[in-house]
Amino acid sequence: MKQRPIGVFDSGIGGLTVAQAIINVLPNERIIYFGDTAHLPYGDKSTAAIQSYAVKICDLLIRQHCKVILIACNSASAAAYELVKEYVGSKAKVLNVIDPIVQHIGQTYPAKTIGLIGTKQTVNSNVYRKKVDELDLDIYLKSVATPLLAAMIEEGFFNDSISESVINAYLSDPELQQVEALILGCTHYPLIKKQIEKYYQGKVDVLDASQIVAAHVKLFLEEQGLLAEKQQGDHKFYVSDFTRSFEESTRIFFKRQVHLEHYPLWE
Ligand code: DGL
């Protein structure tokens, strides 16, 4: 069991930021990555549609004998985590990217006001708010959907004046004022973390979910006795729709370009 790979999936290649963070802290682990580029973006899709995509992707990851399936997408974590957990049953452990952040918030910011930005699906599902309220720690969550950001990053607009204007427009929303920390509730956003930090000039903690999630995955594998003991073969990267531009963009999310294999789950 320990030597089996970790399955990681996202609506596209944004989840590579999480895969990258996992590889940094767990160099022995082998990753099987699936980006559902045929259905990108998930952020604007219905809950039912995201659930049906997630189940199919899990079938593939189970066939690849993954010991753990990490939903490396906030929109899919919000829409499909409970269903996927039920569906996968005892075949693999299922993790999402929301619980580790909520746990971190509970430990670090009791009785504080926290901001959240993410896709429409993530914000409108209210999953973060429900989970934060369940902590019963008097934490007040303020959230704003920022649907332009993922598309903007994917088009290569980050660390430039265009992204700065869009970020400033979203972060100046009255709802996001007076927050102690801001959750980057989308796996694309680590790429604009520096610009968001610049906007706040050190007055607000900007929470990079990819690092928090990677630390959580490490702890989980340790607790479950599932850590790979020696380095396993090469990572694999699948997409449901292949374009050269997706492959080129892997460099921005994964810090190096990787070879994407076309795995048409929907034909
Ligand atoms: N990576 C997705 C997330 O974390 C955002 C992109 C999308 O809308 O598909 O929510």
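This write-up is about the structure you can find in this document. Bear in mind that the values here come from a model prediction, so they are computed numbers and not experimental data. (Residues numbered from 1 in each chain as written. Predicted model: local features only at pLDDT ≥ 70, side-chain atom pairs only at ≥ 80, totals over all residues. Heavy atoms only, no water.)

**A few points about the overall build of the protein**
Broken down by element type, the protein carries 11 helices and 10 strands. Here the protein has a C-alpha radius of gyration of 18 Å; the compact-globule value for 267 residues is 18 Å, and the two agree. With respect to the three principal axes, the spread of C-alpha positions in the protein is 45 × 40 × 35 Å. The buried share of the protein, reckoned over its 267 residues, is 55%. (Helix = DSSP H or I, 4+ residues; strand = E, 2+ residues; numbered from the N terminus. Rg over C-alpha atoms; globule rule 2.2 N^0.38 Å. Buried < 20%, exposed > 50% of the residue type's maximum accessible area, 1.4 Å probe, protein only.)

**So, the packing of helix 2 (residues 47–63) against helix 3 (residues 74–88)**
With their axes 9 Å apart at the nearest point, helix 2 and helix 3 run at an angle of 50° to one another. In terms of axis orientation, helix 2 runs oblique to helix 3. Our pair here, helix 2 against helix 3, has a crossing hand that is right-handed. Residues Thr47, Ile50, Gln51, Ala54, Val55, Cys58, Asp59 and Ile62 of helix 2 lie in contact with helix 3, whose contacting residues are Ser75, Ala76, Ala79, Ala80, Leu83, Val84, Tyr87 and Val88. Taken together, the residues of the contact of helix 2 with helix 3 break down into 12 nonpolar, three polar and one charged. (Axes fitted to C-alpha atoms, helices over the stretch in contact; angles between N-to-C directions. Parallel < 35°, antiparallel > 145°, perpendicular 65-115°, else oblique. Left-handed = near helix turned anticlockwise from the far one by under 90°. Contact = heavy atoms within 4.5 Å. Nonpolar A, V, L, I, M, F, W, Y, C, P; charged D, E, K, R; others polar.)

**Observations concerning the packing of aromatic side chains**
Evaluated as defined, the whole model comprises five aromatic pairs. Among the aromatic residues, those joined into a ring-pair cluster are Tyr33, Phe237 and Phe254. (Phe/Tyr/Trp six-rings, centres within 6.5 Å; stacked < 30°, edge-to-face > 60°.)

**Quick look at the site of the ligand**
Close contacts around the ligand come from Asp10, Ser11, Pro41, Tyr42, Gly43, Cys73, Asn74, Ser75, Thr119, Cys186, Thr187 and His188, and that covers them all. A distance of 3.0 Å separates a nitrogen atom of the ligand from a polar atom in the side chain of aspartate 10. In this structure, a nitrogen atom belonging to the ligand sits 3.4 Å away from a side-chain N or O atom of histidine 188. Protein contact buries 98% of the 300 Å² of open area that the ligand shows by itself. Considered class by class, the residues forming the shell around the ligand number four nonpolar, seven polar and one charged. (Near = heavy atom within 4 Å. Polar contact = N/O pair within 3.5 Å; in protein donor to acceptor, adjacent residues only side chain to side chain. Areas by Shrake-Rupley, 256 points an atom, 1.4 Å probe, with all protein chains shown as cover.)

**Observations regarding helix 2**
Over its 17 residues, helix 2 extends 25 Å from the first C-alpha to the last, a length consistent with the 24 Å expected when each residue adds 1.5 Å. Among the residues making up helix 2, those that are buried are Ala49, Ile50, Tyr53, Ala54, Val55, Ile57, Cys58, Leu60, Leu61 and Ile62. Considering only its buried residues, helix 2 is in contact with strand 1 (6–10), strand 2 (31–35), strand 3 (68–71), helix 3 and helix 5 (120–124). (Expected span 1.5 Å × (residues − 1).)

**Thoughts on the pairing of strand 1**
Summarising burial for strand 1: five of the five residues are buried, a large majority. Alternating residues of strand 1 divide into Ile6, Val8 and Asp10 and Gly7 and Phe9, and every residue in both groups is buried. Viewed along the sheet, the connection from strand 1 through helix 1 (residues 16–25) into strand 2 turns out right-handed. Sheet topology places strand 1 next to strand 3; four bridges connect them, and they run parallel. For glycine 7, the partnering residue across the bridge sits in strand 3 and is isoleucine 69. (Right-handed = clockwise from strand over helix to strand, strands pointing away. Pairing = 2+ DSSP bridges.)

**Describing the nonpolar core**
Formed by 72 residues in total, the largest nonpolar core has its most connected members in Ile22, Leu70 and Ile196. Aside from chain neighbours lying at most four places away, what touches isoleucine 196 is Ile117, Ile167, Leu171, Leu182, Leu184 and Val206. (Core = buried A, V, L, I, M, F, W, Y, C linked by side-chain atoms within 4.5 Å.)

**Let's talk about the pairing of strand 7 (residues 181–185)**
With five of five residues buried, strand 7 is to be regarded as a mostly interior element. Across the two faces of strand 7 the burial is the same, with Ala181, Ile183 and Gly185 and Leu182 and Leu184 all buried. Pairing of strand 5 (residues 113–118) with strand 7 involves five bridges; the strand directions are parallel. When the sheet's bridge partners are listed, leucine 116 is paired in strand 7 with isoleucine 183. For strand 7 and strand 8 (residues 205–207), the ladder comprises three bridges, and the chain directions are parallel. Bridging across to strand 8, isoleucine 183 finds its partner in leucine 207.

**Quick notes on the environment of leucine 60**
Here leucine 60 lies in helix 2. Residue contacts for leucine 60: discarding those within four places in its chain leaves Phe34, Tyr263 and Leu265.

**Structural notes on the side chain of lysine 193**
Looking at the secondary structure, you find lysine 193 in helix 9 (residues 193–200). Judged by its relative accessible area of 18%, lysine 193 falls in the buried class. Contacts of lysine 193, omitting those with residues within four sequence positions, involve Leu184, Val206 and Asp208.

Nothing here speaks to function; it is all geometry.
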